[in-house]
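# Geometric and topological summary
Listed here are the chains, written in short residue letters.
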Amino acid sequence: MAVKEKYNASLLIVLSILIIVVMAEDPYRYFQWHITYGDIYPMGVKQQGILINKMFPGPEIRCVTNDNLIINVFNHLDEPFLISWAGIQNRKNSFQDGVYGTTCPIPPGKNYTYALQVKDQIGSFYYFRSLGFHKAAGGFGAIRISSRPLIPVPFPPPADDYTVLIGDWYKTNHKALRAQLDSGRKLPLPDVILINGRGSGAKLNVQPGKTYRLSISNVGLQNSLNFRIQNHMMKLVEVEGRHTIQTQFSSLDVHVGQSYSVLVTANQPPKDYYIVVSSRFTPQTLITGGVLHYSNSAGDVSGPLPDVPDSMSWSLNQARSIRTNLTAGGPRPNPQGSYHYGMINVTRTIRLVTSAGQIGGKQRYAVNSASFYPSDTPLKLADYFKIDGVYKPGSISDQPTSGAIFPMTSVLQADYKAFVEIVFQNWDNIVQSWHFDGYSFFVVGMEFGKWSTASRKIYNLNDAVSRCTVQVYPRSWTAIYVALDNVGMWNLRSELWERQYLGQQLYMRVYTTSTSLRDEYQIPKNALLCGRAIGHHK
Ligand SMILES: *[C@@H]1O[C@H](CO)[C@@H](O)[C@H](O)[C@H]1NC(C)=O
Ligand SMILES: *[C@@H]1O[C@H](CO)[C@@H](O)[C@H](O)[C@H]1NC(C)=O
Ligand SMILES: *[C@@H]1O[C@H](CO)[C@@H](O)[C@H](O)[C@H]1NC(C)=O
């Protein structure tokens, strides 16, 4: 064969392989999860936990951009149950979001198969139990979405990936905690911090000279946490699906619900080093230690625990320094900076101010004075089946209102494709954390004090990080930009679980008159029906 023909033949083969790759359906991964009660010993004494396939924390989901995840969940508990996927965007498919406003709970003895697609996503996230204060019984696990082969990742492959789930924890059973909230009383401070489900003894093994990726998520209930490793720097590389400017930190603040990936190189004399997780800006500091163990370790942990400045400004400055690497790729081959969010005109400004108060003599929390009470029917199903009287779009103001807090099934209506500015204002003395399901948003600004239109002067309109969970410092504001490109009913909530449970949340109904499947999928064939949706035809 002539050289040219050979070349043509191989080109043809390459082309047909390319076509097969393009045409092939995105891969499927199947999971079967059994949810049970079981004995756990996070603080050395027996406690009742909620296990997934007998595991606490639950199994880790490792997948690749665009994978379909089919997760059949069997509820063996004595109460209804839901799993939600913080950070998985469930594009066009809020039915699968697994919060009570979108999905009917799985009754005891029954199962439900979630069908998720991690469409155009990479990064480190986690799942958790969204109903009935189950989050306090465990029931969380990591989700790790790797880049597809051939899509460049802006750092060399690490020697290994470690998941580090950190979070505050109560020794009290979740039912007792829930009863306390239901009776109108606040919770005490948490008892301890867990690292990967353990109050002590967590260990990461490393080999000298090698670099490891740590995916750190705060799966706790209310405390901001600081993570650090004695004598080791951490290079931040990814925040909730965004590759960042790679900055070295000696310690990292991880607020409730947030996830970060760092690279740690075992470049110190071979011995054991402290890993420290401590609560931030709390009346009393909780602290839990673990160990970074070198395979050729010559000795035990020693020396003082590494410290962190107890300064809110330090934390704020660290947050502001976390920026997107505009030239690095994300889930797609094009650079993350090719979407110029700073040049898009804002079509609406939503200001959300939090408050606390009493309703019927019971402690409640509110957003723009509305304290969220769930309806008897998931809002998304009411929408889909056109059931009147479950909620009213626009039942919460998009500007702060004066006056006492009131009960409401709060739903904010917004137009599909609107480009929205949301300002969170926190007048409290604790660090808040906010999560928006279905979306990733640009954190354009945060500052102490009261937000005003003049605050926009300090916005980062160039390389702000895009993420799904953001903190708001005490007596401070945080502003985000979000392109509402995902039709559905999406939960916007406080990640401080007591406050979320007692009303600090709402739903954003991202609405279009179009009924095209290009904009939103239909209800899943296997969807469970409950409340007033029972008897409707899917
Ligand atoms: C429950 O599990 C069975 C298989 O064991 C499956 O066929 C069925 O679709 C599941 N039910 C739901 C509602 O997903
Ligand atoms: C940004 O990403 C590019 C492309 O991967 C990489 O070469 C560069 O080192 C990164 N820059 C920083 C500051 O992280
Ligand atoms: C944004 O608004 C300005 C002023 O109203 C207008 O000139 C500009 O064309 C708009 N830009 C886009 C991208 O719509």
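Residues numbered from 1 in each chain as written. Chains lettered and ligands numbered in written order. Predicted model: local features only at pLDDT ≥ 70, side-chain atom pairs only at ≥ 80, totals over all residues. Heavy atoms only, no water.

An unreviewed UniProt entry annotates the protein as L-ascorbate oxidase homolog of Camelina sativa. Taken directly from UniProt, the Sequence similarities (unreviewed entry) text for the protein runs: "Belongs to the multicopper oxidase family." (UniProt positions renumbered as here; feature names shortened; annotations may be inferred.)

The next subject is the packing of aromatic side chains. According to the stated counting rule, one finds 25 aromatic pairs in the structure shown. Both rings, one in Phe56 and one in Trp169, keep their centres 5.6 Å apart while their planes meet at 55 degrees; by these two values the pair is tilted. Of this pair, Phe56 sits in the loop between strand E2 (47-52) and strand E3 (61-64) while Trp169 sits in strand E9 (residues 160-169), placing them 113 residues apart in sequence. Centre to centre, the rings of Tyr126 and Phe128 are 6.1 Å apart; their planes meet at 45 degrees, and the pair counts as tilted. The buried category is assigned to Phe128, whose relative accessible area is 1%. (Phe/Tyr/Trp six-rings, centres within 6.5 Å; stacked < 30°, edge-to-face > 60°. Helix = DSSP H or I, 4+ residues; strand = E, 2+ residues; numbered from the N terminus. Buried < 20%, exposed > 50% of the residue type's maximum accessible area, 1.4 Å probe, protein only.)

Quick look at the site of ligand 1 now. Taken together, Asn72, Phe74, Asn111, Tyr112, Thr113 and Asn526 are the residues near ligand 1. Taking Thr113, its main chain carries an N or O atom lying 2.9 Å from an oxygen atom of ligand 1. One nitrogen or oxygen atom from the side chain of Asn526 is found 3.0 Å from an oxygen atom belonging to ligand 1. The protein chains hide 53% of the 360 Å² of surface that ligand 1 would expose on its own. Counting residues per element, the ones that place at least two in the shell around ligand 1 are strand E4 (68-75) and strand E6 (111-117). If you tally residues by element for the shell around ligand 1, the top one is E6, at three residues. Grouping the constituent residues of the shell around ligand 1 by class yields two nonpolar, four polar and no charged. (Near = heavy atom within 4 Å. Polar contact = N/O pair within 3.5 Å; in protein donor to acceptor, adjacent residues only side chain to side chain. Areas by Shrake-Rupley, 256 points an atom, 1.4 Å probe, with all protein chains shown as cover. Nonpolar A, V, L, I, M, F, W, Y, C, P; charged D, E, K, R; others polar.)

Right, let's get into the pattern of salt bridges. Summed over the entire model, instances satisfying the criterion amount to 25 salt bridges. Here Glu240 ties to Arg467 by a salt bridge, and the two come within 2.9 Å at their closest N and O atoms. Of this pair, Glu240 sits in the loop between strand E14 (234-239) and strand E15 (242-249) while Arg467 is found in strand E28 (residues 466-467), placing the two residues 227 residues apart along the sequence. Assigned by exposure class, Glu240 and Arg467 land together as buried. As a salt-bridge pair, Arg280 and Asp253 come within 2.8 Å of each other at their nearest N and O atoms. With a gap of 27 residues between them, Arg280 in the loop between strand E18 (272-279) and strand E19 (287-294) and Asp253 in strand E16 (residues 251-254) connect regions that are remote in the sequence. Each member of the pair, Arg280 as well as Asp253, carries the same accessibility label: buried. Members of the salt-bridge network, linked through shared partners, are Glu60, Arg62, Arg144 and Asp161. (Salt bridge = Lys/Arg side-chain N within 4 Å of Asp/Glu carboxyl O.)

With that settled, the discussion passes to the UniProt feature "domain: Plastocyanin-like" (unreviewed entry) in the protein. Those places that UniProt annotates as "domain: Plastocyanin-like" (unreviewed entry) correspond, in this numbering, to residues 35-148, 160-297 and 376-513. As a span, residues 35-148 carries 0% helix and 42% strand, and end to end its C-alpha atoms are 31 Å apart. For residues 376-513, the end-to-end C-alpha separation is 25 Å, with 8% helix and 41% strand making up the annotated structure.

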